[in-house]
Amino acid sequence: MASSSRTTILPQSKEALLKSYNARLKDDVRSMLENFEEILKLARRESHSQISKTTQCEQDALEMQVRAANMVRAGESLMKLVADLKQYLILNDFHSVNEAITNNSQLFRATQIECDKKLMKLRDEMAMDLYDLEEEYYTSIFK
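This write-up is about the structure you can find in this document. (Residues numbered from 1 in each chain as written. Predicted model: local features only at pLDDT ≥ 70, side-chain atom pairs only at ≥ 80, totals over all residues. Heavy atoms only, no water.)

Let us look at the overall build of the protein. Within the protein, the regular secondary structure consists of three helices and zero strands. Listing each helix as α and each strand as β along the protein from the N terminus yields α-α-α. Among the 143 residues that make up the protein, the fraction classed as buried is 13%. Taking the contacts inside the protein whose residues are at least 6 apart along the sequence as the reference set, 63% of them involve residues at least 24 apart. When the accessible surface of the protein is split by element, carbon and sulfur atoms take 61% of a total near 12,300 Å². (Helix = DSSP H or I, 4+ residues; strand = E, 2+ residues; numbered from the N terminus. Buried < 20%, exposed > 50% of the residue type's maximum accessible area, 1.4 Å probe, protein only. Contact = heavy atoms within 4.5 Å. Areas by Shrake-Rupley, 256 points an atom, 1.4 Å probe, with all protein chains shown as cover.)

So this is what it looks like as structure tokens:
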């Protein structure tokens, strides 16, 4: 079922697919934002913990690497989402596909009509030439 804000009615499977795309987009963007914010917090933090400064630096560096990897994963997921959307658009954009088929059909019909006219003209010219040649042959003294 289509939502009330949509002007076109989509089948339930398409609607569910579009909702899942939207959810993936929100999740990946949220993941990138949260991980980036946490990296910034780690970079600014002055720790007054009980562990040594070296250990704290190593722990922060590892956490930054994990969060950076999460950001990369979210970015790759977004790129996959874009590819999926392109594929969905290509496979389900029936209006433009039908329009392209109609345009090609009209072009081919025009080409066919033009070829038919040329062939008819060629046939008429050949018939006249054949008539002239037959007349010349039958009136010739060299038979």
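The structure having been displayed, the exposition proceeds.
Structurally, Asn35 can be placed in helix H1 (residues 12–44). A distance of 2.8 Å separates a polar atom in the side chain of Asn35 from the backbone oxygen of Ser31. Excluding its chain neighbours within four sequence positions, the residues that come into contact with Asn35 are Arg67, Asn70 and Met71. (Polar contact = N/O pair within 3.5 Å; in protein donor to acceptor, adjacent residues only side chain to side chain.)

On to helix H2 (residues 53–92). Helix length check: H2 (40 residues) gives 57 Å between terminal C-alpha atoms against 58 Å at 1.5 Å per residue, within 8%. Along H2, the residues that are buried comprise Gln56, Asp60, Met71, Ala74, Gly75, Ser77, Leu78, Leu81, Asp84 and Tyr88. (Expected span 1.5 Å × (residues − 1).)

This part takes up a nonpolar patch on the surface. On the surface, a cluster of nonpolar side chains totalling about 320 Å² of accessible area is made up of Leu119, Leu122 and Met126. With respect to the helices and strands, Met126 occurs in helix H3 (residues 94–139). (Patch = residues over 30% accessible without salt bridge, like charges linked within 9 Å, V, L, I, M, F, W, Y side chains within 5 Å. Salt bridge = Lys/Arg side-chain N within 4 Å of Asp/Glu carboxyl O.)

The subject of this paragraph is the pattern of salt bridges. Under the criterion given, the structure shown has eight salt bridges. With a closest N to O distance of 3.3 Å, Glu63 and Arg67 form a salt bridge. One end of the pair is Glu63 and the other is Arg67, both in helix H2 and four residues apart, which spans about a single turn. Residue classification places Glu63 among the partly exposed positions, given a relative accessible area of 25%.

Next up on the list: a negative patch on the surface. Residues Glu125, Asp129, Asp132, Glu135 and Glu136 make up a contiguous surface patch of negative charge. Looking at where Glu125 falls in the secondary structure, it is placed in helix H3. Relative accessible area serves as the criterion here: at 38%, Glu125 is assigned to the partly exposed category. (Lys, Arg positive; Asp, Glu negative; His and termini not counted. Charge placed at Lys NZ, Arg CZ, Asp CG, Glu CD.)

Moving on, we come to the packing of aromatic side chains. What the rule picks out here adds up to two aromatic pairs. Here Tyr21 and Tyr88 contribute two aromatic rings whose centre-to-centre distance is 6.2 Å and whose plane-to-plane angle is 85 degrees, an arrangement assigned as edge-to-face. One end of the pair, Tyr21, is in helix H1; the other, Tyr88, is in helix H2, and 67 residues separate them in sequence. Here Tyr21 falls in the buried class, since its relative accessible area comes to 11%. A relative accessible area of 16% means that Tyr88 is categorised as buried. Ring centres of Tyr137 and Tyr138 lie 5.2 Å apart, and the angle between their planes is 70 degrees; on these two criteria the pair is classed as edge-to-face. (Phe/Tyr/Trp six-rings, centres within 6.5 Å; stacked < 30°, edge-to-face > 60°.)

The quantities given are spatial measurements derived from coordinates; they are silent on function.
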